[in-house]
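Structure at a glance
What follows is the residue order along each chain.
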Amino acid sequence: MENSKHFDDLGQIRSIMERSTKFLSLSAWAAILAGVYALIGAFFAYRLIYFAPVVRYRAMTESLFSPEVLPLFFDAIIVLALAVGTTVWLSYRKARKAGQKLWTPAAIRVLVNFSIPLVTGGLFTLVLYMNGYFSLIVASTLIFYGLALLNAGNFTFSDIRKLGMIEILIGFAAALFPGKGLLFWALGFGVLHIVYGIIMYWKYER
Amino acid sequence: MKEVLQNLDKAFENNIRLAIMSALMVNDYLDFNALKDLLNPFNITDGNLASHIKHLENANYIRVEKSFVGRKPNTKYYATTQGRQAFEQHLAALEKLLKGI
C-alpha cells in the first residue's frame, strides 16, 4: 500500500519537472493553419510575380519599396500576422482547456529562444534585400526560421527540432536553386507545417 | 528495508513539498505565482503554499530572494545545494524501495 504512494510520487515528480520546463500548450492545429495561410500567400505571390504587367525583378532593383513590390510585402506580412495570431489564440485555448496559464516561465523561455535567431534572420534578410541579393532571400528566411525552431525545441515538444532541421535543409536547397525560390518557400512554410501539424495532432492531441 | 526507509526524507513526505522541490530542481528559480500555477492540480491556497515553502526554507533546502519589480514585491525561490542533494537521495531511496518489491 505504501509502495503505490511512492509510485505516484515518482509519477508526480516527473510530470512537474516536465511541465515546469517545457511549454506544452503549443497547438498542432496552429501549425496546420499556418501552413494553409502560407500556401494561400504563396499562391497570391505567384500570381503577383508571374502574371504581372512589369518585370518585378527590375522594379525591385530600382527602389526599395516601389509600388510593384509593395503588394508582395503586404502579402508576406498578412501571412505572418495570421500565423502568429492563430498560434497564440489556439495555444491559449489549449492551455485553458488543460487548466493552465499560457504565460508561464516555460512559455517565456520558448519565446525568447525562438525570437533571437528569428529576429536576427529577419534583419539579415532585410540587409540582403537592400543590397540586391534577391536570390538568397528565400534561403535566408528558411534557414534562420529552422535555426529558431531548433533552438526553441529545447523548451517545448522536441519534435519541433526535427521540423527545424528540415527547414534548414530546404533553405540550403533554395540557395542552390535560386530560380525556384517561391516553390521552396511554399514547401518549407506551407506543406511542411501542414505535415508537421498533422503528425503532432496524431501524436499528442488525438 | 529499514535502511532504505531511513533514507526517505521526512521533508518530502508531503506531496506538495515534493512537488515544489521537483520544480525547483529543473529551474534556475521560480517565483511564487509560477509555483502556484504549477501546483494548480493540488488546489492549494496561498497560505498553505507559503507554509510549505517556509518548511523547506527552514530545512535549508530552498533559498529565498526578495526583490522589487517597480513597486511590486517579487520573491524568487532557488533550490540550495543541500536541497538538491537531499532530493536526489530521496529519489534514489524511492527507486530502491520500488525495485525491492
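Residues numbered from 1 in each chain as written. Chains lettered and ligands numbered in written order. Predicted model: local features only at pLDDT ≥ 70, side-chain atom pairs only at ≥ 80, totals over all residues.

1. Side note on the overall build of chain A
Helix and strand counts for chain A stand at eight helices and zero strands. Shown N-terminal to C-terminal, the secondary structure of chain A runs as helices and strands in the order α-α-α-α-α-α-α-α. On the principal axes, the C-alpha backbone points of chain A span a range of 80 × 25 × 25 Å. Every one of the 206 residues in chain A was classed for burial, and the buried ones make up 35%. (Helix = DSSP H or I, 4+ residues; strand = E, 2+ residues; numbered from the N terminus. Buried ≥ 20, exposed ≤ 12 C-beta atoms within 10 Å, placed from the backbone.)

2. A look at the overall build of chain B
Scanning chain B from N- to C-terminus turns up five helices and three strands. Going from N to C terminus, chain B has its helices and strands arranged as α-α-β-α-α-β-β-α. Taking all 101 residues of chain B together, 27% fall into the buried category. Counted over contacts in chain B with a minimum sequence separation of 6, partners at least 24 positions apart contribute 56%. (Contact = placed C-beta atoms within 7 Å.)

3. Thoughts on the interface of chain A and chain B
Interfaces are often sized by the amount of accessible area the parts lose when they come together. Listed by partner, the interface residues are 17 residues for chain A and 17 residues for chain B. Here the side of chain A that touches chain B is composed, by residue class, of six nonpolar, eight polar and three charged. (Nonpolar A, V, L, I, M, F, W, Y, C, P; charged D, E, K, R; others polar.)

4. A few points about the pairing of strand 3 (residues 72-79) of chain B
Residues and elements named next belong to chain B. Pairing geometry for strand 1 (residues 30-31) and strand 3, over two bridges, is antiparallel. Paired with leucine 30 across the strands is tyrosine 77, a residue of strand 3. Connecting strand 2 (residues 62-69) to the antiparallel partner strand 3 that follows it, the hairpin turn spans two residues, and glycine 70 within it adopts a positive phi of roughly 65°. (Pairing = 2+ DSSP bridges.)

5. Quick word on the sheet that holds strand 1 of chain B
Pairing is antiparallel in the open sheet, where three strands are placed in the order 1-3-2 (chain B). Every other strand in the sheet has two partners, leaving strand 1 and strand 2 of chain B as the edge strands with one partner each.

6. Digging into helix 2 (residues 15-26) of chain B
Between its first and last C-alpha atoms helix 2 of chain B spans 17 Å; for twelve residues at 1.5 Å apiece the expected length is 16 Å, and the two agree. Every buried residue belonging to helix 2 of chain B is among Arg17, Leu18, Ala19, Ile20, Met21, Ser22, Ala23 and Leu24 of chain B, and all of these are buried. (Expected span 1.5 Å × (residues − 1).)

7. A look at unusual backbone geometry
Residue and element names in this part refer to chain B. Positioned with a positive phi, asparagine 43 is a non-glycine residue whose angle comes to about 55°. Checked against the element boundaries, asparagine 43 lands in the loop between helix 3 (32-38) and helix 4 (46-58). Judged by C-beta crowding, with 7 C-beta atoms within 10 Å, asparagine 43 ranks as exposed. Positive phi is not limited to glycine here, since asparagine 60 has a value of about 65°. Turning to its location among the elements, asparagine 60 is positioned in the loop between helix 4 and strand 2.

8. Let's talk about the confidence of the model for chain B
All names here are of chain B. On average, chain B scores 87 in pLDDT, and the residues at 70 or more come to 94%. Mean pLDDT values for the elements of chain B range from 68 in helix 1 (residues 2-7) up to 94 in helix 4. The ipTM value of the predicted complex is 0.73, and its pTM value is 0.79. (pLDDT = per-residue confidence, 0-100.)

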